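One letter stands for each residue in the lines below.
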Amino acid sequence: MTTGALAGLGSLALSRKEDFKMFVDAPRRTQPARLARQALQALDEVSRTAYERDRRTWHANLGPIKTPQLVSLHEDLWDIVDSNQQDGDKTKGAVAIDAFPGLGKTTAVLAFAREFHRREIAEHGAFTAQGHERWPVCRVGLTGNTGMKDLNRAMLEFFGHPGRQTSTAAQLGLQALDCMLLCEVRLLILDDLHFLKWRKTSGIEVSNHLKWIANEFPVTLLKVGVGLTDKGLFSEGEAAGDTALAQTGRRTTRLDMPPFAIDTEPGRRRWRQLLLALEQRIVLADAHPGMLADELPDYLFARSTGHIGSLMTLINRGCQRAVRSGAERLTLNLLDQVRIDAAAEQARAELEHALQAGKATSRPARVRASR
């Protein structure tokens, strides 16, 4: 299937089950052929337009890449989810992914959710024994100032439940429980959990509600956010009002996704492997082996500060500019014209100074020795 045939995936709202199903069932994208300049110039106008559209879409969706961080996270998630086979009278362990922005948390979680959903459907079928649609995964995206009623309504929104606009908070909770039971949901994902104000009244309210969900819903609760430790999700709590948070911490396994680092030889090798993997996915006429891993490793690390989100944005936007300008390759001069997130740009100068002064390097020892 061509990238053009998957264009509809750009308009998905993964907090609704029909769109989530489209995401889960979508086939793997087919990488456009890498045409040499002569072949590229020989395309007629219609073919050239289609080819450029396919390349734009492809470069905007280069991931997910099976980095060591993603592989490790998925192994831990499989351990937790597969071990949560307790009978209904026992509480299942929850998991929280707590990491800085730009490290691929949501991408990794959605990749896992897709695999888990597909496995459950393959093993148990698309319908339950009672004839209801089976939805192994329910994903909810939280917003600022989320309260108990908002959370319940968001879960019902995923299922398109007709009572989500008129019911009380208690009714919404029971309706959400009914949906989870009837559709045999096994994994409940709460994304952007950092929007909760944990030590405010609404935060304590939602924390108690999450405890109720963990007790009553036969699901693995997977919470994703930034700075959850600092917000008190895993703290024991000192005041009486923090008791709910302490219990949440006892029942929750914390996972993270660290950035790439180049202060050790294994870290430098992992960075190089990532760049080599990216090279294989870039569809530019003058792309060549070593374009990233040999010619730009220090530069790309300085620009991204080891955050894969910033790196993928830089490569995506760089490819778009390389196609549009006719450069058809990624170079330092071209990428220097590409702007990315403010956090990466602010941290860039210090890293560039260390790399240019020889105080740091992203090149593994064997690569340095061969130069």
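Everything numeric in this text was worked out from a predicted model, so none of it was measured.

K.L.:
What's the story with the state of the cysteines in this structure? I'm lost.
P.N.:
A covalent bond bridging the sulfur atoms of two cysteines is what the word disulfide describes. Enumeration over the complete set of coordinates arrives at zero disulfides. Free cysteine: cysteine 179, not disulfide-bonded; nearest cysteine sulfur from cysteine 183 at 6.0 Å. Classification of cysteine 179 by relative accessible area gives buried; the value is 10%.

K.L.:
Got a minute to help me understand the confidence of the model for the chain in this structure?
P.N.:
Looking at the chain, the pLDDT average stands at 87 and 89% of residues meet or exceed 70. Of all secondary-structure elements in the chain, the lowest mean pLDDT belongs to helix 9 (residues 243-251), at 63, while helix 13 (residues 332-335) reaches the highest, 97. Confidence drops under pLDDT 50 across residues 1-5; counting only partners more than four residues distant or on other chains, this segment forms 11 contacts. Note that pLDDT drops below 50 for residues 236-241; the model gives that stretch five contacts with residues more than four away or on any other chain.

K.L.:
What is the right way to read the layout of surface pockets from this model?
P.N.:
In this approach, a probe sized like a water molecule rolls over the atoms, and the result shows the empty space that is left. Roughly 1500 Å³ of internal volume is contained in the largest pocket. Surrounding the largest pocket, 45 residues form its lining, Asn61, Gly63, Pro64, Thr107 and Arg114 being those nearest its centre. Counting residues per element, the ones that place at least two in the lining of the largest pocket are helix 3 (45-59), helix 4 (68-83), helix 5 (105-124) and helix 12 (308-325). A per-element tally of the lining of the largest pocket places helix 5 first, with nine residues. Of the residues that constitute the lining of the largest pocket, the class distribution is 23 nonpolar, 14 polar and eight charged. One number sums up the size of the second largest pocket: a volume of about 260 Å³. Asn84, Gln85, Phe116, Glu120 and Arg186 are, among the 16 residues lining the second largest pocket, the residues nearest its centre. If one sorts the elements of the lining of the second largest pocket by residue count, helix 5 sits on top with four residues.

K.L.:
Just checking my understanding: could you explain unusual backbone geometry for this structure?
P.N.:
Glycine aside, residues mostly have negative phi, and peptide bonds are mostly found in the trans state. Following glycine 63, the chain continues into proline 64 via a peptide bond in cis, with omega recorded as -5°. If you trace the backbone, proline 64 turns up in the loop between helix 3 and helix 4. Even without a glycine there, the phi angle at aspartate 192 is positive, about 60°. Summarising the element assignment, aspartate 192 is placed in the loop between strand 3 (187-191) and helix 8 (201-216). Residue class for aspartate 192 comes out partly exposed when judged on its relative accessible area of 26%. In this model, threonine 305 sits at a positive phi of 55°, which is unusual for a non-glycine residue. Position of threonine 305 among the secondary structure elements: in the loop between helix 11 (297-304) and helix 12.

Definitions and limits used
- Residues numbered from 1 in each chain as written.
- Predicted model: local features only at pLDDT ≥ 70, side-chain atom pairs only at ≥ 80, totals over all residues.
- Heavy atoms only, no water.
- Disulfide = S-S within 2.5 Å.
- Buried < 20%, exposed > 50% of the residue type's maximum accessible area, 1.4 Å probe, protein only.
- pLDDT = per-residue confidence, 0-100.
- Helix = DSSP H or I, 4+ residues; strand = E, 2+ residues; numbered from the N terminus.
- Contact = heavy atoms within 4.5 Å.
- 1 Å grid on protein atoms, 1.4 Å probe; cavity = no way out; pocket = protein on both sides within 12 Å on 5 of 7 lines; lining within 4 Å.
- Points joined across faces, edges and corners; volume = space filled by probe spheres on them.
- Nonpolar A, V, L, I, M, F, W, Y, C, P; charged D, E, K, R; others polar.

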